[in-house]
Amino acid sequence: MTVRNLDAVFSPRSVALAGGSPREGSVGRVFLGNLRASGFKGPIGLVNPDHASIDGVEAARAFADLETPPDLVVVTAPAPAVPEIVEAAGAAGARAAVVVTLAPGAGAASFREAAAGAARKRGMRLVGPGCLGVQSPHARLNASSAPAARAGELALLSQSNGVMTSIIEWANARTIGFSGVVSFGDMADVDVDDLLDHFATDRRTRAILLYLDEISDAPRFMSAARAAARIKPVVLVKAAPRETVARGLGVQASLVDADAVADAAFRRSGLLRVADLSELFEAAATLAHVAPLTGKRVAIVSNSDGLGRLALSRLLARGGTAAKFGEATARTLGETLPRDGSAENPIDLCGDAGPDRYGAALDAALADESVDAALVVHAPSAISPAAPCAEAVTQAAARARKRRYPPKPVFAAFLGADPAPRRILEAAHVPFFRTPEAAAQGLMHLVAHVEAQAALLAAPPSTPTSFAPDVARARVAVEAALSKGRDWLSPTDVAEALGAYDAPSLPQAFVATPADAAAVAQALMGPRGAVLKIVSPDIPRRALVGGVRIGLESPTAVEETARAMLARVAERMPQARIDGFVVQPNVKPDDGQELYLGVADDPVFGPVVAFGAGGGDAVLRHDVSVELPPLHLGLANDLIDRTVAGRLLGGYDGRPAADREAVALTLLKIAQLAVDLPEIREISINPLVATPRGVIAFDARIRVAPEPRARAGGPHPRLAIRPYPKALESELSLRDGSTVTLRPIRPDDEPVVAAFFRGVAAEDLRQRFFTPVKEVPRAFIARLTQIDYARNQVLLAIDHWGDAVGVVQLHADPDVETGEYAILLRSDQKGRGLGRLLMQAMIRAAASEGLKSVTGEVLTENSAMLAICRDLGFDIRPDPDDLSLRRVRLVLPAG
C-alpha cells in the first residue's frame, strides 16, 4: 500500500484527457464536458490523434505537444491503446492516470497487468481500469462520468459504479458534500487500502463511506482499515460474498459462515458495517452534520407519544440508552408541558405543540448533564406547523452549541410531505430523517463509532504467564502427518498437539483393528463403560455411518461394535479409508455443558476462530460466533459473550456456573496453535465439555496442508492480522554486566508503560515530545500498546523486576519504505549504554521489515542522542523550518 503520488489524483495542477470522439454520448466527450463544467482552475488538455477537436477544445496529437504537461491523465481510449498512452503520459511528466476503459473479457488479466506495468515503469499511480472516475470537489475536479458532487467532509470510496452515482445523486438532493469520490474499478494499482490511507490523513475528510464487493488482500486491508478507524469514522457496506461458506469439512463448513467472518474482521478493525445503502445514507446524513458523540444517553422530544415510543424502541434495540432527567429538568418540563403531556423520556409535547413548546423542551433536555444527545420527532398536523417547529429546533440547537463544547448532537425526524423542514434543519447542520426509527438508527452510528474507538484502545487482560506452549512438540505432530501426505492428524498426533498447548483432553488409545480395540478397552473403561469412535480421513461426520458408540460395558461389546462399524462403512461409504479406532472412557459429567471450539480457513481472511454450542445438534442450533486470531483474553471473552452457549456458562435452572475462565483460556490456546503453525487448516473440538472444575476436550480433529510461503521466524502468511513478532525478542547486556529483556510491546503492557512514563523526568519528557509534558495521557499510552505490527514496532526493555526501563518506537509510513523512530529511557537508566543498544535493535527491526531508511527528529541540545546517531552512521542535518531540531536519517542496506 502506498499514498505516493495520490496528490496528483485529488489535487492535480493540470489534467489531460486521452481518447474520446465528437460523437454525442461518447465516454470521452462526457468526461471532457464534466472536467470543463466542474470549474477546475488548472489547464485541461486533450490528446487525440484521430480528432482535431472535441466540443471546441483543440486536441494535441501527443502529450509532448501540450502546452502544459499534465499531472493527471484520464484515459477513455480503446483497450489496446491504453498501455502505450499511459507510458507516453508518464514520459511527458504525468504522475497519475485514471483509466476508464473496461478490461476486455478474454484478455482482462493481461490488459490490467500491461496498464499497471506501464504506470510502474514511469512511477505513476493508476486508478482503474474499468472505473467511473474520481472527483475532488474542493479542487473543483470532476474527472468522472457521474454528476458533480458538492464539496464537503465525507470521502466516498466505491467498488461499484452504480453505488457511486446513486450516493452522489442522493447527497446532492440533501446538500451533503464530499472531500473526495472514487470509483476504483479493477484496482490494478491504486486499491482500497491506498485510498483509506490517503483519506485517513486528509484534513478535509471527517468520515469515510466505503462500498466493497470483495477484498483481495486481507492483511493490507485490515492494516489500512485499522489505521483509518483510529482517526475517523469509516462506515462500510459490504456485498454478500460469492463464496458463502468458509472452507472446511463436516460440521465446520456448516458452522463458519463467510459473511460472519467478514463481520468479525470489520469489528476488529473498528469499521462500522451497515446493512444496506439506505442505512449508509442514514450514516452519511449523520456524519455530514454532527461531530462524534461523547455518550449514548438520548432525550426524545415528540408531539406524538406513539412516534416517540417508536424512536425509543429502535434506540434501545440498537444499544442506546434513554436519558434519565434530573430534578431541575423534570421541574422545567412540568412547567412547560400541558396537562396531557409527559415530562418523562420520551417527552410528549402533545399534538398541538408549537415552536415555543418545542424550543423550551429541547432547551431543558440539552441543558441536562445526564443527556448526551437529543432526538426530535414531529408528526404533521394543522395545529402543529412543521416549518416553525423546525426553526425552533435549529435555534435550540444553536443555543446549546454556544453553551457547551463539544456540542450535544440534535437529530430530527419530521414526518410529512412538506419539504421546508428538511431545508431548514439541514441548513443548520441538524440531521434530517423521514421516520423516527431512521433517526434513532442514524444517531446510533455515532455511538457505534465511539464504542469502536474505545474497543480499539481497551486494555485487555493479561495472558497467564503459566501458558508457555511447546511449539516444537506440536510441530513434530503436524509434520508426522505431512511427511506421510495425510490431510488429518492421527488421534495420537492430535492429542500431542493439544497437549503441547496445555489444552486438556480425555485419555484415549488409537488402535488399528477391532481386536486391538477390545484389548485396550478394559484399561480405559470408566464407571459408565467405554466410547468407541471410527477414524477415517474420508468420513467428515461419524454420525453418517454410526461411527460413535458410547456406554460399551465390556471388551467384547467394544470388539463387536467395531466390526459392525466396519460393515456399515463398507455398505454406506465403500471408498472410505479406515485408519482404525479410538477408545476412550465414557465420561459424562452431570454438570457439564457441551461447547464447540474450532479454527476454520476462510478464503479471504485466513484462519478464523469459532466458538458456540457443541454436541451432536451443533449444526441445527447454529449458535456460533467467530473472531480473527491472534486473540487475547479480552477478545476470547467477547467471543464467548456473543453466543447463547457462552451466556449459559454462568449457570441456569439450578445448574452451577461452569469455569468460564478455563473456556476463554482454551480458546486462546487453540487460536495460538493455529497462529504458530501455518500448516494447520482446520481444528474442530466438539464437544469441549465445560464444568465448574474446568474444561476437557472429548473429541478433536486437526486438518493440515503444506504452507510453502511459511518461513522460519516469519509471520503466518495467511493471517489477516499480523501476530506478535516473537522473532524480535532478545537479551541485551549493559555496560555494568547486567541484562535486560528486549521484546515487542503487547496490548496488556499498558500498566507497565504507564509506570515507565511516571519514572521519566520532566526534562527528559520535554526532549522526547519537544514540549513540556506534565503527564503522558492514557490515550497516548493505549495507542502505543495497541499497535499494528504490520506497520509499527515498539520495543520495550524490561529489567529483572519486570519494569520497563526503555522504549524505542518505529513507525513505518504507508509505503512501508521509511520508518520514523522515537526513543526514551527511564531517567535513572542513563549512562548504562541502553540507548545505543535500543537504537541498534530498532535498526535491526527496520531492516527485517524491509524498510529502506530510518528517520527521526532530535533536539539540537540533545547532544547524547546526536552522538549515538553519528556513531551509528546517521546523516544529521538542521531542520530548515526549525533550527532547534536536527533531522537524522540512516539509509539501510538493500536486502
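Residues numbered from 1 in each chain as written. Predicted model: local features only at pLDDT ≥ 70, side-chain atom pairs only at ≥ 80, totals over all residues. Heavy atoms only, no water.

Things to note about the state of the cysteines
Put plainly, a disulfide is one covalent bond tying together the sulfur atoms of two cysteines. Quick reminder of the rule: Two cysteine sulfur atoms form a disulfide, by the criterion used here, when they sit within 2.5 Å. Burial here depends on accessible area, computed with a 1.4 Å probe over protein chains only, as a share of the maximum for the residue type. Under 20% is buried, over 50% is exposed, and the range in between is partly exposed.
Using the criterion set out here, one finds 0 disulfides in the structure. With no disulfide of its own, C350 has C389 as its nearest cysteine by sulfur position, at a separation of 13 Å. Given the relative accessible area of 0%, C389 is considered buried.

With respect to the pairing of strand β37 (residues 875-879)
The cut-off we apply is this: Paired strands, as defined in this entry, are two strands with at least two bridges between them according to DSSP. Helix and strand assignments come from DSSP, with helices taken as H or I runs of at least 4 residues and strands as E runs of at least 2, each series counted from the N terminus.
Relative to strand β38 (residues 882-891), β37 runs antiparallel, the two sharing 5 bridges. Bridge pairing in β38 links D875 to R889. Hairpin connection, β37 to β38: the antiparallel pair is bridged by 2 residues.

Description of the sheet that holds strand β7 (residues 125-127)
The line we're drawing: Note on geometry: axes are lines fitted to C-alpha atoms, helical ones only across the stretch in contact, with angles between N-to-C directions running from 0 to 180 degrees.
Reading across from one edge, β2-β1-β5-β6-β7 is the order of the 5 strands in this open sheet, with parallel pairing throughout. At either end of the open sheet lies a strand with only one pairing partner, and these are β2 (44-47) and β7. Each neighbouring strand pair of the sheet contributes to a mean axis angle of 20 degrees, computed without reference to strand direction. Where strand β5 (residues 72-75) lies against strand β6 (residues 96-99), 4 bridges are found, and the strand directions are parallel. Each bridged residue has a counterpart across the sheet, and for V75 the counterpart in β6 is V99.

A look at the sheet that holds strand β22 (residues 530-535)
Strands in a sheet are paired, the pairing made by backbone hydrogen bonds, and the direction either parallel or antiparallel. What counts here: Every residue pair with non-hydrogen atoms within 4.5 Å of one another is taken to be in contact.
Judged by pairing direction, the sheet is antiparallel, and its 4 strands sit side by side in the order β21-β24-β22-β23 without closing on themselves. The strands lining the two open edges of the sheet, one partner per strand, are β21 (509-511) and β23 (548-552). Adjacent strand axes in the sheet meet at a mean angle of 20 degrees, parallel and antiparallel pairs treated alike. Bridge count between β22 and strand β24 (residues 580-585): 6 bridges; the pairing is antiparallel. Each residue of the ladder has a partner; that of V531, found in β24, is Q584. Here helix α20 (residues 555-572) sits on the sheet and contacts β22, β23 and β24; the angle it forms with β22, its principal contact strand, is near 25 degrees.

Some thoughts on the nonpolar core
Spelled out, the test is: To form a nonpolar core, buried Ala, Val, Leu, Ile, Met, Phe, Trp, Tyr and Cys residues must be joined to one another through side-chain atoms within 4.5 Å.
The biggest cluster of nonpolar side chains holds 67 residues, and the ones touching the most others in it are L157, V182, L196, F221, F605 and L628. For this core, the element with the highest residue contribution is helix α7 (residues 218-229), accounting for 7 residues. Sequence-distant contacts of V182, that is, excluding residues within four places in its chain, are made with F10, V127, G133, V134, L156, L157, S158, M164, L195 and F199. Grouped together as the second largest cluster of nonpolar side chains are 51 residues, L132, V377, F411 and L446 included.

A closer look at unusual backbone geometry
Residue N345 is joined to P346 through a cis peptide bond whose omega torsion reads 10 degrees. Looking at the element boundaries, P346 is found in the loop between α12 (327-336) and β17 (347-348). Following P629, the chain continues to P630 via a peptide bond in cis, the omega torsion being 5 degrees. Note that P630 resides in the loop between β27 (624-627) and α22 (633-641). One non-glycine residue, R140, adopts positive backbone phi at about 55 degrees. Within the secondary structure, R140 is located in the loop between β8 (133-136) and β9 (141-144). Phi is positive for D653, close to 50 degrees, though the residue is something other than glycine.

Observations concerning a negative patch on the surface
Heads up, the condition is: A patch is a set of surface residues, each over 30% in relative accessible area and not in a salt bridge, joined within 9 Å for like charges and within 5 Å for the nonpolar side chains Val, Leu, Ile, Met, Phe, Trp and Tyr. Surface accessibility in these figures is a Shrake-Rupley result with a 1.4 Å probe; residues are shielded only by whichever protein chains are displayed. Take a side-chain nitrogen of Lys or Arg and a carboxyl oxygen of Asp or Glu: if they are within 4 Å of each other, that pair is a salt bridge. Counted as positive: Lys and Arg. Counted as negative: Asp and Glu. His and the chain ends are not counted at all. Note on charges: their place is set at NZ of Lys, CZ of Arg, CG of Asp or CD of Glu.
A grouping of E820, E857, D881 and D882 is seen on the molecular surface, where their side chains present a negatively charged patch. Relative to the helices and strands, D881 is located in the loop between β37 and β38.

Notes on the packing of aromatic side chains
Definition in use: Here is the rule: rings of Phe, Tyr and Trp (six-membered ring for Trp) pair when centre to centre is within 6.5 Å. Planes less than 30 degrees apart are stacked, more than 60 are edge-to-face, and the remainder are tilted.
One pass over the structure, following the stated rule, counts 11 aromatic pairs. An angle of 70 degrees between the planes, with centres 5.0 Å apart, marks the rings of F10 and F199 as edge-to-face. Separated by 189 residues along the polypeptide, F10 in helix α1 (residues 7-10) and F199 in helix α6 (residues 192-200) bring together distant segments of the chain. Accessibility assignment for this pair places F10 and F199 in one class, buried. Ring centres 6.2 Å apart and planes at 85 degrees place the aromatic pair Y724 and Y789 in the edge-to-face group.

So, the pairing of strand β33 (residues 792-798)
Here β33 lies mainly inside the structure; 7 of its 7 residues are buried. Across the two faces of β33 the burial is the same, with N792, V794, L796 and I798 and Q793, L795 and A797 all buried. By the bridge criterion, 4 bridges tie strand β32 (residues 739-744) to β33 in an arrangement that is antiparallel. Counted as the bridge partner of T741 is I798 from β33. As paired strands, β33 and strand β34 (residues 804-812) are joined by 7 bridges and run antiparallel to one another. When the sheet's bridge partners are listed, N792 is paired in β34 with H811.

Re the environment of A804
Along the polypeptide, A804 turns up in strand β34. Classification of A804 by relative accessible area gives buried; the value is 3%. With 770 residues separating them along the chain, A804 and N34 place their C-alpha atoms 59 Å apart. Contacts of A804, omitting those with residues within four sequence positions, involve V752, F756, L796, A797, I798 and R826.

Thoughts on the side chain of R125
Just so we agree on the cut-off: Any pair of nitrogen or oxygen atoms within 3.5 Å is treated as a polar contact; in protein, a donor-acceptor pairing is required on top of that, and neighbouring residues in sequence qualify only through side-chain atoms on both sides.
For R125, the position within the fold is in strand β7. A distance of 3.0 Å separates a polar side-chain atom of R125 from the backbone oxygen of R4.

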